[in-house]
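Structure assessment
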Amino acid sequence: MGMTSKLLVFTDLHLVSDGVDIIGLDPEARFREGLGHALAQHPDAARLVMMGDLTHHGRTAQYERLRAIMADVAMPVTYMMGNHDNRAVFRKVFPEAATSAGGFVQEMVDLDDTCLIALDTSEVRPDPHHSGRLCQDRLDWLTQALTWANGRQVVVAMHHPPLMTGFAAMDGIALQDPEPFREILRSYPGHVHLLCGHVHRTISGRAHGLSFSLFKSPCHQQPMGFGVAGTEHSVDEPGAYGIVLCGPDGIIVHSEDFAIAAASTPSRDGYSA
């Protein structure tokens, strides 16, 4: 494939406070392991995309832990918000992070023949609720971003999927009222591919006229069980990050289970595909 840009994608880090774990796992240790593998294997990547749920509770100390981890990362980073994040707290700890005029954590990135559009789907509510939303301000910003893209192929990154995945409980906290968003993308003359997080599974397909890829967390994963009620189920399955190749031939998406990859040594066994 002719490739001009490579993106590394991490989503759903869920960094917690010191001494806290998630189902017996240390999210910081898992993320450090995955990030180290990604940077070592793909130093030629154009950008690191962090697709939300950067922390588990949106607390200052948790974002400060993330800032310390990211201090030595040399490549450009796009930060995004998820349902576990706190936009105001994040912006205090990461004042240099790109934001739109409306104060949302989102940006447009020129990748030559491809445009990255990172959307903020986080919704602040007084009661605990984990679904996403794109208000009119953000929909208008998306329209402007697509005008800027000017027909080139577009990668739209967002935390909440604007589609159903088959996991009923997670689908109940997906992007709410997604049709205006989907209609804006369907009216765009160039190819659009969606990158999403939130579900903690590797999922891909095409829905509502849009192709999409979802990624696992570097830490804990959504168990396979379409009829299971509730959104609090997590399993210790291998963590992963995404590798997105963008070029004149299109957009190719890979998922790397980094702990498995690090433990394996490539070898030639005589088998030919």
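The notes below deal with the structure included here. In this text the structure is predicted, and so the values were computed from the model without any measurement.

Calculation notes
Residue positions are counted from 1 within each chain, in the order its sequence is given. At least 70 in pLDDT is required for a residue's local features to be given in this predicted model, at least 80 for side-chain atom pairs to be given and counted, and no such filter applies to totals for whole chains, interfaces and linings, which use all residues. For the side-chain quantities, the full set of heavy atoms in the structure was used; hydrogens and water were omitted. The axes used here are C-alpha line fits, helices contributing only the stretch in contact, and every angle between their N-to-C directions lies in the interval 0 to 180 degrees. Per the convention used, a helix needs a DSSP run of H or I reaching at least four residues, while a strand needs a run of E reaching at least two, with both numbered from the N terminus. Note on angle classes: values under 35 degrees are labelled roughly parallel, values over 145 roughly antiparallel, values of 65 to 115 roughly perpendicular, and the remainder oblique. Any pair of residues with heavy atoms lying within 4.5 Å of one another is described as a contacting pair. Three residue categories are used. Nonpolar comprises Ala, Val, Leu, Ile, Met, Phe, Trp, Tyr, Cys and Pro, charged comprises Asp, Glu, Lys and Arg, and polar comprises the others, including Gly. Working definition: rings of Phe, Tyr and Trp (its six-membered ring) pair if their centres are within 6.5 Å, and the pair is stacked with planes under 30 degrees apart, edge-to-face with planes over 60 apart, and tilted otherwise. Throughout, exposure labels follow a simple rule: accessible area from a 1.4 Å probe, protein chains only, divided by the maximum for the residue type, with under 20% read as buried, over 50% as exposed, and the rest as partly exposed. For two strands to pair, DSSP has to find at least two bridges joining them. What the arc measures is the spread of directions leading from the helix axis to the C-beta atoms. Only four residue types enter the charge count, namely Lys and Arg as positive and Asp and Glu as negative; His and the chain termini do not. By definition here, a salt bridge exists when the distance from a side-chain nitrogen of Lys or Arg to a carboxyl oxygen of Asp or Glu is within 4 Å.

1. Topic: the packing of helix α4 (residues 136-149) against helix α6 (residues 179-186)
- Viewed as axis vectors pointing N to C, α4 and α6 meet at an angle of 10 degrees, and their least axial separation amounts to 10 Å. What the angle tells us is that α4 and α6 run roughly parallel. Between α4, through Leu139, Leu142, Thr143 and Leu146, and α6, the contact on the second element is made entirely by Pro180, Phe181, Ile184 and Leu185.
- When its residues are assigned to classes, the contact of α4 with α6 shows seven nonpolar, one polar and no charged.

2. Some thoughts on the packing of aromatic side chains
- Overall, the coordinates contain seven aromatic pairs when judged by the stated rule.
- Seen in terms of ring centroids, tyrosine 79 and phenylalanine 90 are 5.8 Å apart; in terms of plane orientation they differ by 55 degrees. Their pairing is tilted. Here tyrosine 79 is found in strand β3 (residues 77-79), whereas its partner phenylalanine 90 is found in helix α3 (residues 87-93), with 11 residues between them in sequence.
- Classification of tyrosine 79 as buried rests on a relative accessible area of 11%.
- When the centroid spacing of 6.3 Å and the interplanar angle of 15 degrees are considered together, the rings of tyrosine 241 and phenylalanine 258 count as stacked. Of the two residues, tyrosine 241 sits in strand β10 (residues 240-247) while phenylalanine 258 sits in helix α7 (residues 258-263), which places them 17 residues apart along the sequence.

3. So, the sheet that holds strand β6 (residues 153-158)
- Across the sheet, which stays open at both edges, the six strands sit in the order β4-β5-β6-β7-β9-β8 with mixed pairing between neighbours. Looking at strand neighbours, the two that pair on one side only are β4 (107-111) and β8 (203-207), the edges of this open sheet. Along the sheet, successive strands turn relative to each other by an average axial angle of 20 degrees, direction set aside.
- Two strands pair when backbone bridges link them, and strand β7 (residues 192-196) and strand β9 (residues 210-214) are joined in this way by four bridges, in the parallel orientation. For leucine 195, the partnering residue across the bridge sits in β9 and is serine 213.
- On top of the sheet, α4 reaches β4, β5 (114-118) and β6; it is set at about 170 degrees to β5, its chief contact.

4. Here's the deal with unusual backbone geometry
- The backbone of aspartate 53 sits at a positive phi, close to 50 degrees, despite the residue not being glycine.
- Here aspartate 53 shows up in the loop between β2 (47-50) and α2 (60-70).
- According to the relative accessible area criterion, aspartate 53 is buried, its value standing at 2%.
- The phi dihedral of aspartate 112 is positive, around 65 degrees, even though this residue is not glycine.
- With respect to the secondary-structure elements, aspartate 112 resides in the loop between β4 and β5.

5. Remarks on α2
- Listing the buried residues of α2 in full gives Gln62, Tyr63, Leu66, Ile69 and Met70. Buried residues of α2, viewed axially, fall in a sector of 115 degrees; they line one side.

6. With respect to the environment of alanine 149
- Assignment of secondary structure puts alanine 149 in helix α4.
- For the pair alanine 149 and cysteine 115, spaced 34 residues apart in sequence, the C-alpha separation works out to 6.1 Å.

7. Points about the side chain of aspartate 53
- One buried charged residue, aspartate 53, forms no salt bridge at all, with the nearest opposite charge on arginine 87 at 11 Å.
- In contact with aspartate 53, other than residues within four places in its own chain, are Asp12, Leu13, His14, Met81, Gly82, Asn83, His84, Asp85 and His159.

8. Things to note about the pairing of β4
- Alternating residues of β4 divide into Glu107, Val109 and Leu111, all buried, and Met108 and Asp110, none buried.
- When β4 meets β5, the two strands line up antiparallel, connected through five bridges. Bridge pairing links valine 109 to leucine 116 in β5.
- Hairpin remark: β4 followed by β5, antiparallel, with two residues in the connecting loop; positive phi at aspartate 112, about 65 degrees.

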